[in-house]
Amino acid sequence: MDDEEELEMAARVRDPAAPKPEGGPMTPAVGEHLEIPAGLPRNLEAAVQRYGSATFKASCASVLDATNKPSVPLTYGKLLSRAHKIAFALLNKARGETSLKPGDRVALVYPNSDPVSFMCAFYGCLYAGMVPVPIEVPITRRDAGSLQIGFLLGSCGVQVALTTEPCHKGLPKTASGEVAVFKGWPKLHWFITEHLARPPKEWQPPPRLNDDTPAYVEYTSGGDGSVMGVTVSRAAMLAQCRTLTSACGYTEGEICVCVVDFKREVGLWHATLCSVFNGMHVIFIPYSLMKVNPASWMQMITKFKASIAIVKSRDLHWGLLATKDHKDINLSSLRLLLVADGANPWSLSSCDQFLSVFQSKGLRPDAICPCASSCETMTVAVRRPGQGGANTTGRGVLSMAGLSHGVVRVDQENSLTSLTLQDCGQVLPGATTVVVRPDGEPRLCSTDEVGEICVSSAAAGTSYWGLQGVTNQTFRVRPLRADGSGLGDQDYVRSGLLGFLGPGGLVFVCGSRQGLMTVSGRKHNTDDIIATILAVEPMKFIYRGRIGVFSIRVLRDERICVVAEQRPECTEEQSFQWMSRVLQAVDSIHQVGIYCLCLVPHNYLPKTPLGGIHLSETKRRFLDGCLHPANVLMCPHTCVTNLPKPREVHKADVGPASVMLGNIVQGNRLATAQGRDLGTADDENDTTKKHQFISEILRWRAQTTSDHALFTLLNAKGGPSSTLTCAQLHKRAERVGCLLLEKGHVNTGDHVALVYPPGLDLIAAFYGCLYVGAVPVTIRPPHPQNLQTTLPTVRMTVDVSKSVLILSNQTVIKLLRSKEASNVVDVKSWPPTLDTDDMPKRKLVAVYRAPTAEMLAYLDFSVSTTGMLAGIKMSHAATTSLCRSMKLACELYPSRHVALCLDPYCGLGFALWCLSSIYSGHHSILIPPSEVETNPALWLTAVSQHKVRDTFCSYGVMELCTKGLSSSIPLLRQRGVNLSCVRTCVVVAEERPRIALCTSFSRLFSGLALSPRAVSTSFGCRVNVAICLQGASSPDPSTVFVDLRALRNDRVTLVERGAPHSLCLMESGKLLPGVKVIIANPETKGHCGDSNLGEIWVQSPHTSTGYFTIYGDDSGTSDHFTAQLVTGSTGEVYARTGYLGFLRRTDSVAADGEKHDAVFVVGSLDETVMLRGMRYHPIDIETSVLKCHKKVVECAVFVWTNLLVVVAELEGNEDDALDLVPLITNAVLEDHHLIVGVVVVVDPGVVPINSRGEKQRMHLRDGFLQDQLDPIYVAYNM
């Protein structure tokens, strides 16, 4: 079974002890027969006509203003005349550029403080035969969710928006004063519905459209934030008015107080439609006023003796808190207190507490009527006012654990793990209700099973506007019985509410489909989680109504995330205490872990127009990394329970000989590859080959081609700052030799440290040392701005290399002895220092010649990526052999120009800078990488100017060019920069090729005619500085895709491009002449087969002769240079590179006509991290981290006490730091099945990088452990 299936199965694990439904098959709940009271208007237009003529002075609607006083009421007469004016204007004047006709959709954009204008516009549309689409007022051009509203308007074909003058003035405008076009919105013509002229006396509204046509479109939001329009036909609108009138007992002249949104759902159906249908008077209380005076609605009931109030449970809660306003309140006139969100699990406690306080103020218990509804089904159920007795109300104490398994089980009262639900009343008259399984086919549930409530009724929505497919799934449901037979031929509509039917047709709702989260096979509702969180002393730390709960999908399962607004006075310590209490509470009550808890500053979360949390927008910001939390707590260790089992590494019973035999039997080639032959000293007339010492070759060139330019050093502007011919270099080297002998008193074999910036002085000093038999050690000078970390490395290299003398220039010597340097190291204990700016102009009496070419020529010191300072010994023979190999591979001749932009201190970089030109005689153009930092175009401009065919750089330089010149290509083209001359552009590196960087570099500079074939990589390491290098006539570098999961288990599995978990690897250039490579198992030392992962072993004349260590003790690393296979050719000696890789025979043909063997480097063995029994390469984890957020500019990973630590550099505001924690955790979990233990967010430049552009992860680890990183934020995942 592969990991993916294992993850999926572990996420869907079914608890064998889980309760199962035991009830019988359910029977549909049928509402009573709908009896339409005599005398009700025929329809809504007739109602406006009747009350607007017969009782035209009767009040229809009033609004409370900011001073808590009701406005002058809109009378029915005014409603009729204003509706007629709007209808006439719509049909005749509202054209703008479009002509409106009956059936067209128009947007209604009215603020929540102006229900009067909204009602007039809504009924005006009905009279004109238009279809109103009520939406919220957009405040800014980028309101949360307004893009989706724009899609709805576009799909409805809306071209005209009705609004009021004050609202129109408040809309965002362009510079020309027009209303701005909101993101994603169609172009709208804005039409103001006030101060319109009366229609002519003879004008009559057009004939009423038939009942099947749409009456209005109500917007509804999906769980993902998508907005759809529910179409309500004229027949359904009328049926809804009739059923609600019957169920709620509405009569003419009643007074109603409404606190909920009058444009949607319960507020629209009761306060805008039913009220007019019955000739009632509604007093509207804007949400903004409720925040100032939460008791205003009760004061209005008292003042106007209102018989009806429409509220939400939060209004009951707020009303309870406004104790100082309680004394004058009298609720005895109230016969119906409609609780619009009665389907909320916490509405019960609000209702109970409200009744206990206000029963003494005249509130009757049977007046409290919760209801359940959705845009699609409209009203699902409502408790009837004034009805007492058995089965008229009900409540259930249910087990949370049972509900999470989708079954109804009774629990004890006051149990912590119980949920007490109240009913939402009975099914509406004329409706039939069933409960079906929420997933899969719509099969009827058992009587004790929780499912989705579906309603069949004339008073329900008919479709989602313009979305036929989704409409069929929601509005055309045909429930099935347990045996698969249909229930009947009537269509049901899905309500999106989850619940069950109780005795007597009572409807119980315990959640919604939108709020449902399925974690490890169990279902949890967001509202239940919020109720639990609210129980953890919320008022001290967070705001009650400002909690959002949602789930995100990570590693094949849903993970619960909680976001809440914290109070400004709450300290970090208090918030973490509160967060840990929330974790415990949710865990103990719901038996589920919270994956991520975020606290954001007060008033920070995106709001819906009525002030609630815009959940889908919050979730989007969380996943996009732009939520900017103030505190974050991640708990992946406790939550993620479906990780694949750790790999158990068993001692292999199969030995290396058996493996080799298996390869032979199967016909697998053993992994061996060879570069072409180096040739011998006599087979061609090449004088350089007769010289075994590089210093002799320099003297020979100074005599034979004295004026031939070998080096040109460029300055920051691209001009030559200095050049050296063969003779000039020879003379300068002689002077250095004299200085060493006269002032330095060096003996043959003494080690001399050369501490120079990249340049010609370094080259002259190197040959000066060779001329007198001293052993040069090139060391990068300390960085003046960063002495703290760079100077100790210089000091350590000088000490470890046992240098008796330092050669340098004035600037560096001054820095080494400066006061700043004395704070870091003991400057008095430096070895004697000589300044080569001040040299005697003398000739050397005699140039030293080593007795044998096997003697030491120079030491090459480098800090490895694991933080080890390793020096290798290079003999004279290895040095000339390396140069010869490079000369053959790259076809280097005196007529060639080669541009170098890399560090000259170690490895192949040093060989190219200091050795290669002397051997091959070609002209090297030297460009110090530090100059490219100030002028990114310097290197490529020089390449173009000098028509360079071969150029070498480091990844650091490549990155500087890619980032620094991304927008400058047209400008460079104008300046005449042309890279068509480049045949090979080789990146010098000791790591796996960075394909993404090479590709983006090639793609970017193809605009300057750089050939896509030119860019390639090389590979060298400490034991052999140059193993692979893209030669002049080599085949193009090949790439393969391997399975990352197999790689973790030390296997190579080739996969197709684009396969899941595929990793692209590029070969590291061609094997140099004289180099032989095999792949061996690092543990057993057995020979591996072709395309098998193992350690790369190398054999070549330029392999270094060993490590130079401070004690001269090579015992720990002796087999690095004298490794032998235990199978096959056991007599041959190889050097172990310490790098994992594989060989693969390709179809391309090498210069010698043989099929080409590609070397693929996977990564350094020392760097790999072993976690869960598997081997991970840090670069793979870091690639995932870099992709997770655009502001992560660099990152590095390491292991600390078995925890994976990710250090991410943030380019941006510090506010963004906490956004990265969940994203990094998610990315590493998804891609690598690893839990991140610690996320450290730091400023750019904190991850230490060596001169080759490689990350120094162990230095970083030390800095982390010694608390030296100065992080922006450190998150310890629980």
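The rules behind the values
- Residues numbered from 1 in each chain as written.
- Predicted model: local features only at pLDDT ≥ 70, side-chain atom pairs only at ≥ 80, totals over all residues.
- Heavy atoms only, no water.
- Helix = DSSP H or I, 4+ residues; strand = E, 2+ residues; numbered from the N terminus.
- Buried < 20%, exposed > 50% of the residue type's maximum accessible area, 1.4 Å probe, protein only.
- Contact = heavy atoms within 4.5 Å.
- Areas by Shrake-Rupley, 256 points an atom, 1.4 Å probe, with all protein chains shown as cover.
- Lys, Arg positive; Asp, Glu negative; His and termini not counted.
- Charge placed at Lys NZ, Arg CZ, Asp CG, Glu CD.
- Pairing = 2+ DSSP bridges.
- Axes fitted to C-alpha atoms, helices over the stretch in contact; angles between N-to-C directions.
- Salt bridge = Lys/Arg side-chain N within 4 Å of Asp/Glu carboxyl O.
- Patch = residues over 30% accessible without salt bridge, like charges linked within 9 Å, V, L, I, M, F, W, Y side chains within 5 Å.
- Parallel < 35°, antiparallel > 145°, perpendicular 65-115°, else oblique.
- Nonpolar A, V, L, I, M, F, W, Y, C, P; charged D, E, K, R; others polar.
- Polar contact = N/O pair within 3.5 Å; in protein donor to acceptor, adjacent residues only side chain to side chain.
- Left-handed = near helix turned anticlockwise from the far one by under 90°.
- Phe/Tyr/Trp six-rings, centres within 6.5 Å; stacked < 30°, edge-to-face > 60°.
- Lys NZ or Arg CZ within 6 Å of the ring centre and 35° of its normal.
- Disulfide = S-S within 2.5 Å.
- Core = buried A, V, L, I, M, F, W, Y, C linked by side-chain atoms within 4.5 Å.
- Right-handed = clockwise from strand over helix to strand, strands pointing away.

## Notes on the overall build of the protein chain
Scanning the protein chain for helices and strands turns up 38 helices and 56 strands. Counting the 1278 residues in the protein chain, one finds 60% classified as buried. The long-range share in the protein chain, meaning contacts at least 24 apart out of those at least 6 apart in sequence, stands at 75%. A total accessible area of about 50,400 Å² is found for the protein chain, and carbon and sulfur atoms account for 52% of it. Within the protein chain, the 122 negative side-chain charges are centred at a point lying 6 Å from the centre of the 122 positive side-chain charges.

## Remarks on the sheet that holds strand E27 (residues 557–566)
In space, the four strands of this open sheet follow the order E26-E27-E28-E29, with mixed pairing throughout. Strands with a single pairing partner mark the edges of an open sheet, and in this sheet they are strand E26 (542–554) and strand E29 (631–634). Averaged over neighbouring strand pairs, the angle between their axes works out to 15° when direction is ignored. The pairing of strand E28 (residues 594–600) with E29 spans four bridges and is classified as antiparallel. Bridge pairing links cysteine 598 to valine 632 in E29.

## Overview of the pattern of salt bridges
Tallied over the full model, the rule gives 48 salt bridges. In this structure, arginine 780 and aspartate 903 form a salt bridge, with 2.0 Å as the shortest nitrogen-oxygen distance. Here the residue arginine 780 occupies a position in the loop between strand E34 (775–779) and helix H25 (787–800), and aspartate 903 occupies one in the loop between strand E39 (897–901) and helix H29 (907–920), the gap between them amounting to 123 residues. We note a salt bridge from aspartate 799 to arginine 795, for which the minimum N-O separation is 3.4 Å. One end of the pair is aspartate 799 and the other is arginine 795, both in helix H25 and four residues apart, which spans about a single turn. On the accessibility criterion, aspartate 799 (38% relative accessible area) is partly exposed.

## A look at the pairing of strand E16 (residues 395–399)
If a strand is regular, its side chains alternate between the two faces of the sheet. With four of five residues buried, E16 lies mostly within the body of the structure. Alignment of E16 against strand E17 (residues 418–422), held across five bridges, turns out to be antiparallel. Bridge pairing links serine 399 to serine 418 in E17.

## Here we look at a negative patch on the surface
Together, Glu1214, Asp1215, Asp1243, Asp1267 and Asp1270 give the surface a local cluster of negative charge. Residue position: aspartate 1270 is located in the loop between helix H38 (1257–1265) and strand E56 (1273–1276). Aspartate 1270 sits in the exposed class, given a relative accessible area of 59%.

## A short note on the packing of helix H2 (residues 44–54) against helix H8 (residues 265–277)
Contact pair H2 / H8: the axes reach a minimum separation of 8 Å and the direction vectors enclose 60°. On the basis of the axis angle, H2 is oblique to H8. For the pair formed by H2 and H8, the contact residues are Leu44, Ala47, Val48 and Tyr51 on the first element and Leu273, Val276 and Phe277 on the second. Split into classes, the residues belonging to the contact of H2 with H8 amount to seven nonpolar, no polar and no charged.

## Concerning the sheet that holds strand E43 (residues 1015–1017)
Two orientations exist for strands paired in a sheet by backbone hydrogen bonds: parallel and antiparallel. Spatially, E32-E31-E40-E39-E41-E42-E43 is the arrangement adopted by the seven strands of the open sheet, whose pairing is mixed. Looking at which strands have only one partner, the edges of the open sheet turn out to be strand E32 (720–725) and E43. Neighbour-to-neighbour, the strand axes of the sheet open up by a mean angle of 20°, direction not taken into account. In terms of strand pairing, strand E42 (residues 984–987) meets E43 through three bridges, oriented parallel. Of the residues in E43, the one forming a bridge with cysteine 985 is valine 1015.

## What to know about the side chain of glutamate 194
Along the chain, the position of glutamate 194 falls in the loop between strand E7 (189–192) and strand E8 (214–221). Buried charged residue glutamate 194 carries no salt bridge. Nearest counter-charge: arginine 82, at 5.6 Å. Of the polar contacts made by the side chain of glutamate 194, one reaches the backbone nitrogen of glutamate 165; its length is 2.6 Å. When near neighbours in sequence (up to four residues on either side) are disregarded, glutamate 194 contacts Thr164, Glu165 and Pro166.

## Some details on the side chain of asparagine 43
One can find asparagine 43 in the loop between strand E1 (29–30) and H2. Within the structure, the side chain of asparagine 43 is placed 3.3 Å from the backbone nitrogen of glutamate 45, a separation counted as a polar contact.

## Remarks on the packing of helix H23 (residues 726–742) against helix H24 (residues 760–771)
For the pair H23 and H24, the least separation of the axes is 7 Å and the interaxial angle reads 60°. Of the possible angle classes, the one that applies to H23 and H24 is oblique. In this structure, H23 meets H24 at a crossing whose hand is right-handed. On H24, the residues touching Leu729, His730, Arg732, Ala733, Glu734, Val736, Gly737 and Leu740 of H23 are Leu760, Asp761, Ile763, Ala764, Ala765, Tyr767, Gly768, Cys769 and Tyr771.

## Here's the deal with the packing of aromatic side chains
In this structure the tally under the stated criterion is 28 aromatic pairs. Summarising the aromatic geometry, the rings of phenylalanine 354 and phenylalanine 358 are spaced 4.5 Å apart at their centres and angled 35° between planes, so their arrangement reads as tilted. Placement of both phenylalanine 354 and phenylalanine 358 in helix H12 (residues 347–358) is noted, with a separation of four residues, approximately one turn of the helix. Phenylalanine 358 carries the same exposure label as phenylalanine 354, and that label is buried. Each ring, one from tryptophan 939 and one from phenylalanine 1001, has its centre 5.9 Å from the other, and the planes form 20°; the classification is stacked. Of this pair, tryptophan 939 sits in helix H31 (residues 938–945) while phenylalanine 1001 sits in helix H34 (residues 995–1005), and the two are 62 residues apart along the sequence. Looking at phenylalanine 1001, the relative accessible area reads 1%, which means it is buried. In this structure an aromatic cluster arises from ring pairing among Tyr110, Phe118, Phe122, Tyr123, Tyr216, Phe262 and Phe284. Its end group placed over the ring of tyrosine 219, arginine 264 keeps NZ or CZ at 4.4 Å from the ring centre. One Lys or Arg, arginine 314, reaches over the ring of tryptophan 318 and ends 5.8 Å from the middle of that ring.

## Topic: the state of the cysteines
Per the counting criterion, the structure on display carries zero disulfides. Lacking any disulfide linkage, cysteine 274 is separated from the closest cysteine sulfur, that of cysteine 241, by 4.4 Å. Judged by its relative accessible area of 0%, cysteine 274 falls in the buried class. This cysteine, cysteine 424, is not joined by any disulfide, and cysteine 371 carries the nearest cysteine sulfur, 7.5 Å off. Of the residues examined, cysteine 424 reaches a relative accessible area of 0% and is grouped as buried.

## Side note on the nonpolar core
Soluble globular proteins tend to pack their nonpolar side chains together in the buried interior. Within the largest apolar cluster, 106 residues are counted, with the highest numbers of intra-cluster contacts made by Leu79, Leu162, Tyr216 and Leu273. For this core, the element with the highest residue contribution is helix H4 (residues 115–128), accounting for 11 residues. Discounting residues that sit within four places of it in the chain, leucine 162 has contacts with Ile86, Leu90, Ala107, Leu108, Val109, Tyr110, Ala121, Cys125, Phe191 and Thr193. Core analysis: the second largest hydrophobic core is formed by 89 residues, Leu729, Leu739, Leu892 and Phe910 among them.

## Some words on unusual backbone geometry
Most of the time, phi is negative for any residue but glycine, and the peptide bond is trans. The phi angle at lysine 802 is positive, at roughly 60°, despite the residue not being glycine. Here lysine 802 shows up in the loop between H25 and strand E35 (803–808). With relative accessibility at 44%, the residue lysine 802 sits in the partly exposed group. Residue histidine 1233 is not a glycine yet carries a positive backbone phi of 55°. Relative to the assigned elements, histidine 1233 resides in the loop between helix H37 (1217–1232) and strand E55 (1236–1242).

## Observations concerning the pairing of strand E11 (residues 281–284)
Along E11, one buried face is formed by His281 and Ile283 and the opposite face, lined by Val282 and Phe284, is buried too. The sheet contact formed by strand E10 (residues 255–258) and E11 spans four bridges and is parallel. Paired with cysteine 258 across the bridge in E11 is phenylalanine 284. Once you follow E10 into H8 and on to E11, the crossover reads as right-handed.

Any link to function would need more than the numbers given here.
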